[in-house]
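Architecture at a glance
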Amino acid sequence: MMVSPAIALAFVPLLLTVLIRYRFHLVLLWRAVVLRCFYDWSSGLTREERAFEYVLTHATPGEPNSILDAFDAWCHSNEFISHIGPKKGKILDKLVLETSPLCVLELGTHCGYSSVRIARALPVGARLITVEMDERNANIAEKVIRLAGYDDDAVELRVGVSEEVIPRLREEMGVERVDLVFMDHWKRCYLPDLQLLEASGLLGRGSVVLADNVLFPGAPHFLRYARACGLYTLRIHRATLEYSPGIQDGMAQLEYIGVNVDT
């Protein structure tokens, strides 16, 4: 059955409205999915491996800033990678400098970008434990972290799922308390991992949790719990999605107080 031209034309304004309103999301879809699939097929490498090749040829070994700049340049001009990026990265930088944590836990290493950002701001003698579930990405992250000049004493990478690694931190790695937790892994894991950290006794009064992408793609259950449980003070840092200035996002900063604020 043919659709009359008049009916088809009636949908043109609606289509234009949708395209204009969601233009940044469509660009993200193009860069994050379509281009990625094409380059995966044509190069035989993963997106993360392609990014590492660029960093390896454009960054200076032993200089963390150079490595971060190379990542940012590649993500701006080539493909989208969902790590924290330079704008939200400044929030993370400031938090690390202000809190001077001695033990940091990162959930979601990915390519090692945020690991390098954290490590360069840590005080002398501090320790970063970073967890990545994807072994292929973990191999790249290991190379990036070592290329930046950090050895295993400064940054220790654990391959595995967070729900299995967290309960073993105390027994296997001697961790008594985590001063700062940075979450940038699967958003559905934010809440169960936070509760697992509580149950494991790894959070002490003043411990800080910083969670990325809580508004886009979003972590509503995590935010609801953080607001309602009475164990944390909560602050939302509003920003735009990494390398996507037209998409609104935010980071949640939780400070553990350990008691219900209503009592």
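Everything numeric here is computed off the predicted structure, so don't read it as measured data.

Cut-offs used in this document
- Residues numbered from 1 in each chain as written.
- Predicted model: local features only at pLDDT ≥ 70, side-chain atom pairs only at ≥ 80, totals over all residues.
- Heavy atoms only, no water.
- Patch = residues over 30% accessible without salt bridge, like charges linked within 9 Å, V, L, I, M, F, W, Y side chains within 5 Å.
- Areas by Shrake-Rupley, 256 points an atom, 1.4 Å probe, with all protein chains shown as cover.
- Salt bridge = Lys/Arg side-chain N within 4 Å of Asp/Glu carboxyl O.
- Helix = DSSP H or I, 4+ residues; strand = E, 2+ residues; numbered from the N terminus.
- Buried < 20%, exposed > 50% of the residue type's maximum accessible area, 1.4 Å probe, protein only.
- Contact = heavy atoms within 4.5 Å.
- Expected span 1.5 Å × (residues − 1).
- Polar contact = N/O pair within 3.5 Å; in protein donor to acceptor, adjacent residues only side chain to side chain.

The grouping of Tyr22, Leu26, Leu29, Trp30, Val33 and Val34 at the surface amounts to a nonpolar patch, some 540 Å² of accessible area in total. By secondary structure assignment, the location of Val34 is in helix 3 (residues 23–43). Owing to a relative accessible area of 37%, Val34 belongs among the partly exposed residues under this scheme.

In total, this model carries 20 salt bridges according to the counting rule given. Between Arg120 and Asp93 there is a salt bridge whose closest N-O contact spans 3.0 Å. Taken together, the residues Arg120 in helix 7 (residues 113–121) and Asp93 in helix 6 (residues 85–99) connect sequence positions 27 residues apart. Of the residues examined, Asp93 reaches a relative accessible area of 12% and is grouped as buried.

Attention now goes to the environment of Pro220. With respect to the element layout, Pro220 can be found in helix 13 (residues 220–228). Here Pro220 falls in the partly exposed class, since its relative accessible area comes to 46%. The sequence separation of Pro220 and Gly246 amounts to 26 residues, and the corresponding C-alpha distance is 21 Å.

Quick look at the side chain of Thr46 now. In this structure, Thr46 sits in the loop between helix 3 and helix 4 (47–58). On the basis of relative accessible area, Thr46 is assigned to the buried category, the value being 16%. The contacts of Thr46, once residues within four sequence positions are left out, are Asp40, Arg136 and Ile140.

Take Asp184: it is sitting in the loop between strand 4 (178–183) and helix 11 (190–199). Not counting the four nearest positions on each side in its chain, Asp184 is found in contact with Ser82, His83, Ile84, Leu107, Gly108, Tyr190, Asp212 and Asn213.

A word on helix 8 (residues 135–147). Spanning 13 residues, helix 8 covers 18 Å between terminal C-alpha atoms, matching the ideal 18 Å at 1.5 Å per step. Next to the buried residues of helix 8 lie helix 4, helix 5 (64–77), helix 7, strand 2 (127–132) and strand 3 (155–159). Its side-chain oxygen placed 3.0 Å from the backbone nitrogen of Arg136, Asp134 serves as the N-cap of helix 8. Gly149 sits one or two residues past helix 8 and shows a positive phi near 105°.

Remember that the coordinates give geometry; whether it matters functionally is a separate question.
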